[in-house]
Amino acid sequence: MLKSKMILPAVLLWCVAFSLWALEPVAIRDGVYVQVRDGHFTYGGERLKLWGVNFCSTVKRGGEDLKRDFDRLAFMNFNGVRTNLSGPMFRPRDAATSDTVQSPVKGDDSQLDRLDYAIALGRERGIFFWLEFHPFGSFQPRDYELSAVEDGLSRAEWEALAGECALPTLVYLSPRAEEVFRRYAFQLLNHVNPYTGRRYAEEEAVACWQIFNENSAASEILTRPAEGVFGRYRERRWNEFLLRRYGSDAALKRAWGALSSGESLKAGTVKYGPLPEVEKIGDAGYQYSYVGGAEDADAVTARRRRDMMRFCYELYAGFNRRFTDYIRNLAPEGAGINVVPVTSTCRYGNDLMMYAAADLVSDFTALGSYSFAARPWEVPRDDPFYPWKVRVNEPPLIENPIDCFRTAGKPYLIYEVNDYRPNPYRVEFPLRIAVNSILRDGDGVFWFNWDDDGYLPDIHSDEEYARRAMPMANPAYPNASLIMCTDEVMLAAVKAAGELFRSAKAAPFADPVRVRIGGDLLLDMKCRNLPERLHSQLWRHAWTRGVELSYDLDGDSSAMPAAASPEAPLVWKNGISADWRGRRGFYRVDRPEAKAWAGFLPEEIRFDGVRFSGFNREYAYLSLTALDGKPLAGSSEITLTFACDSANTGFRLDWTKFRKPWADGLAEAIVDGGRAPVQVRRVGATVDVPVLRGRVLEKYDFARRCYERREITGPIVVSPEEPFFFGRIVAK
């Protein structure tokens, strides 16, 4: 039996250095770029699975601190970084026009210099980047001078329109706005990274691009009230669309059945409308949706509205296709932006229209979801888990319906995901996300949000990450509960789940149900938000047999076979199962190369050849994973992980103050976010793996220190008094 033993500093340093590349990184090579092959991301002809984090708004560290950040990312086996809300990384704060990109000097620690250095650091460590073009909120007054494109608007009208309409919507309406945005993309893609010597257009470490973050332009153009210059300009574009589609008033009357008095295509006076009532609402994570369908309408109104929806789909598709064609031509054939995958945007929520609009013009599907367990308005007060929604005690699902929107033949990535602290049951979520992505043959998962130097300033050592408090939701920034870099427990679970996703050989669904969503739904304003009946059918298939979608504006939806709701225990054919009976739910993985459990613990857990026992907690994440994907007995490197829960010292909640929905309400209920040190509820347990005897176990803490190293001669014991972050098992 193993006993704790502190090792010599020389051995400690050797362990740290030796462990930096725990999961063999992909070597990013000159002239080799990520491409889509057979519906998946590939690099150098091999399948590429990404498990990454988000850098939000700015790169939070610079110099040696940024280098340490990337060492920590590699130590935790992340191999991807996504940037979002990236305008401050690219644009000068005082830019007079919207096509301006920063001009950093190497080493000046400006935001673009930091991003350049980050890309170089990632390149050295096999960490790929997902970049976006989305730069800023609105166009500038002087942007009118940048383009000679004729859009029928005077300078005063265009400037008024730019003030009424945010950039990510205006580019879909105005050719002038589109031209200015192209000029910005040209500047960005031609920026040369001095650390790698590559233009962004030809940087091998950039795996993919997105045009906008969480763009809802098609829905917004469809539903926005007809006010100001926007209303008049949309009506003009609407008449141009109808003229192209029908050619004459007579043909339009035949299609619709009637025109209203004074309406004429020739005169450009066909009214845009009638509009449905729509409400803009916020969901967990401050994601916004436009909700509300259309009332039952007469036949003429229904036909008009089908064309209104088609008009918005066409605007959305037209800009994205033209822009993608333009940027593809800014690199040589077969290089960089000429071949890497591009998506128009990333999606969440119930807006069926935007799922379809984005997917029809994108190389890959990008979907996101946050888990929000604090639900005092939903969980009964007499429930023993109040106010927490304990997801392992229910059939599997993802809170946003991204489990139902896997598109046939395209890579499937999750762009933002996390579970809000202080959920005491959150360590199951990373495994649930990994299982979802395995079953759907996914290509990547990116966790939000890695770091924030406002909440966590002046971190200059690994030890500081271990000593700092975890940021918590507050009225100024409710999403502070998603900042990850000092959350040891959640990072242990995320790390282990990523190792399973990237290295395990678990098969996806072999024969998913193929569902075509056609124009009968996509052009029906009453179905613009995902109909509950359709969602229910898709969800049942999503977790029992699998489901893959396609979209067809010109055809009808396909019939979907009936499916019963999942029943516990739900056992898939790849060694993964879920069981939510008796309100003691869990996820379980029992494969030759991986053993994992997340949820409520019995007295002991027996896997094939492995036994976990002696738990001091009733709920935890446990895992044993071969990083090379080989059976445990033949693997050269295996990780061992235990994780339960943690809280800042002095942290206090008052659920009576939870009044607003979602993260805003959580921020109200947290009356004291607490302080350092973080109180980690560590797991004590014994693991017996006879085939690993004779190997060497190294135990690491959150500061990347190897604090114990010895031969395995019997069951492995981890004490709750140890600073155990994970264990590494290697040959003697």
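Given the structure is predicted, the values throughout are model-derived calculations rather than measurements.

Caption draft 1: Broad picture of the environment of Ile 127. The residue Ile 127 is located in the loop between helix H4 (111–125) and strand E6 (128–132) in this model. Leave out the neighbours within four places in its chain, and Ile 127 touches Ile 28, Phe 70, Leu 73, Ala 74, Phe 78, Asn 79, Gly 80, Val 81 and Gly 122.

Caption draft 2: Representation of the pairing of strand E9 (residues 206–210) in the model. Across the five residues of E9, five count as buried, placing the element largely inside the fold. Relative to E9, E6 runs parallel, the two being bridged by four bridges. The residue bridging Glu 132 from the neighbouring strand is Gln 210, located in E9. Across two bridges, E9 lies against strand E12 (residues 342–343) in parallel orientation. Bridging across to E12, Gln 210 finds its partner in Thr 343.

Caption draft 3: A look at the pairing of strand E32 (residues 706–711). Note that strand E31 (residues 696–700) and E32 share five bridges and pair antiparallel. Counted as the bridge partner of Lys 699 is Glu 708 from E32.

Caption draft 4: The arrangement of the nonpolar core in detail. Counting 217 residues, the largest nonpolar core has Phe 70, Phe 78, Phe 181, Trp 209 and Trp 447 as its most contacted members. Looking at which element gives the most residues to this core, the answer is helix H11 (residues 299–328), with eleven residues. Apart from the residues lying within four places of it in its own chain, the contact partners of Phe 78 are Trp 51, Gly 52, Val 53, Leu 73, Ile 127, Trp 447, Trp 450, Leu 491, Val 494 and Arg 502.

Caption draft 5: Expanded view of the sheet that holds strand E30 (residues 685–688). Taken in spatial order, the four strands of this open sheet run E22-E23-E30-E33, and their pairing is antiparallel. Two strands lie at the open edges of the sheet, namely strand E22 (604–607) and strand E33 (716–718), each paired on one side alone. Neighbour to neighbour, the strand axes of the sheet diverge by 15° on average, direction disregarded. When E22 meets strand E23 (residues 610–613), the two strands line up antiparallel, connected through four bridges. Each residue of the ladder has a partner; that of Ile 605, found in E23, is Phe 612.

Caption draft 6: Highlighting the packing of helix H2 (residues 63–75) against H4. Following both chains from N to C, one finds H2 and H4 inclined at 35°, their axes separated by 10 Å at the closest point. Pair H2 / H4 crosses with right-handed handedness. Each of Gly 63, Leu 66, Lys 67, Phe 70, Asp 71 and Ala 74 in H2 lies in contact with H4, whose residues at this interface are Arg 114, Tyr 117, Ala 118, Leu 121, Gly 122 and Arg 125. For the contact of H2 with H4, the residue count by class is six nonpolar, two polar and four charged.

Caption draft 7: Up close: the side chain of Lys 60. By the secondary structure assignment, Lys 60 is in the loop between strand E4 (50–56) and H2. Comment: no salt bridge for buried Lys 60; closest opposite-charge side chain is Asp 452, at 4.5 Å. Setting aside anything within four residues of it in sequence, one finds Lys 60 in contact with Arg 114, Asp 451, Asp 452 and Asp 453.

Caption draft 8: Seen up close, the packing of aromatic side chains. Under the criterion given, the structure shown has 56 aromatic pairs. On the basis of an interplanar angle of 55° and a centroid distance of 5.6 Å, the ring pair of Phe 139 and Trp 158 is categorised as tilted. Pair noted here: Phe 139 is in the loop between E6 and helix H5 (155–164) and Trp 158 is in helix H5, with a separation of 19 residues, a long-range link. With respect to burial, Phe 139 and Trp 158 carry one shared label: buried. Look at Phe 612 and Phe 642: their rings are 6.2 Å apart centre to centre, the planes differ by 70°, and that puts the pair in the edge-to-face class. Placement of Phe 612 in strand E23 and of Phe 642 in strand E25 (residues 637–643) is noted, with a sequence separation of 30 residues between them. Phe 642 sits in the buried class, given a relative accessible area of 5%. The rings of Phe 133, Tyr 172, Phe 181, Tyr 184, Trp 209, Phe 212, Tyr 316, Phe 319 and Phe 323 are connected pair by pair, giving a single aromatic cluster. The ring of Trp 130 has Arg 82 lying over it, and the distance from NZ or CZ to the ring centre is 5.3 Å. Here the guanidinium or amino end of Arg 224 rests over the ring plane of Phe 230, the centre of that ring lying 4.5 Å away.

Caption draft 9: Spatial organisation of helix H10 (residues 249–256). Three or more residues of H10 are buried, namely Ala 251, Leu 252 and Trp 256. One side of H10 holds all its buried residues, which, seen down the axis, span an arc of 125°. Tucked inside the fold, the buried residues of H10 contact helix H9 (228–246) and H11.

Caption draft 10: Quick look at the pattern of salt bridges. This model, assessed by the stated rule, comprises 70 salt bridges. With a closest N to O distance of 3.5 Å, Arg 47 and Asp 443 form a salt bridge. With Arg 47 in strand E3 (residues 46–47) and Asp 443 in the loop between helix H13 (428–439) and strand E15 (444–447), the pair connects residues that are 396 residues apart, well separated along the chain. A relative accessible area of 35% means that Arg 47 is categorised as partly exposed. Several salt bridges converge on common partners, so that one network encompasses Arg 375, Glu 378, Lys 389, Arg 391, Glu 394, Glu 399, Glu 428 and Arg 432.

Rules used in this analysis
- Sequence order as written defines residue numbering, which begins from 1 separately in each chain.
- Local features in this predicted model are restricted to residues of pLDDT 70 or higher, and side-chain atom pairs are both shown and tallied only at a pLDDT of 80 or more, whereas totals for entire chains, interfaces and linings draw on every residue.
- Only hydrogens and water are set aside; all other atoms, that is, all heavy atoms of the structure, feed into the side-chain values.
- Numbering of helices and strands runs from the N terminus; a helix is a DSSP stretch of H or I covering at least four residues, while a strand is a stretch of E covering at least two.
- The contact criterion used is simple: two residues touch if any of their non-hydrogen atoms lie within 4.5 Å.
- Accessible area is worked out with a 1.4 Å probe on protein chains only. A residue is then buried under 20% of its type maximum, exposed over 50%, and partly exposed in between.
- In short, DSSP must find at least two bridges between two strands for them to pair.
- Definition of nonpolar core: a set of buried residues of the types Ala, Val, Leu, Ile, Met, Phe, Trp, Tyr and Cys, connected through side-chain atoms within 4.5 Å.
- For helices, the fitted axis covers only the stretch in contact; all axes are lines through C-alpha atoms, and the angles between them, taken along N-to-C directions, range from 0 to 180 degrees.
- Should the near helix be turned counterclockwise from the far one by less than a right angle, the crossing is left-handed, whereas a clockwise turn marks it as right-handed.
- Throughout this entry, Asp, Glu, Lys and Arg are counted as charged residues, while Ala, Val, Leu, Ile, Met, Phe, Trp, Tyr, Cys and Pro are counted as nonpolar. The remaining residues, Gly among them, count as polar.
- When charges are tallied, Lys and Arg are placed among the positive residues and Asp and Glu among the negative ones, while His and the ends of the chain are skipped.
- By definition, a salt bridge exists where a carboxyl oxygen of Asp or Glu is found within 4 Å of a side-chain nitrogen of Lys or Arg.
- Classification of ring pairs rests on two measures: the distance between centres of Phe, Tyr or Trp rings, Trp counted by its six-membered ring, which must be within 6.5 Å, and the angle between planes, read as stacked under 30 degrees, edge-to-face over 60 and tilted in between.
- Remark: a charge is flagged as sitting over a ring if the NZ atom of Lys or the CZ atom of Arg is within 6 Å of the ring centre and within 35 degrees of the ring normal.
- When we speak of the arc, we mean the arc of directions from the helix axis to the C-beta atoms.

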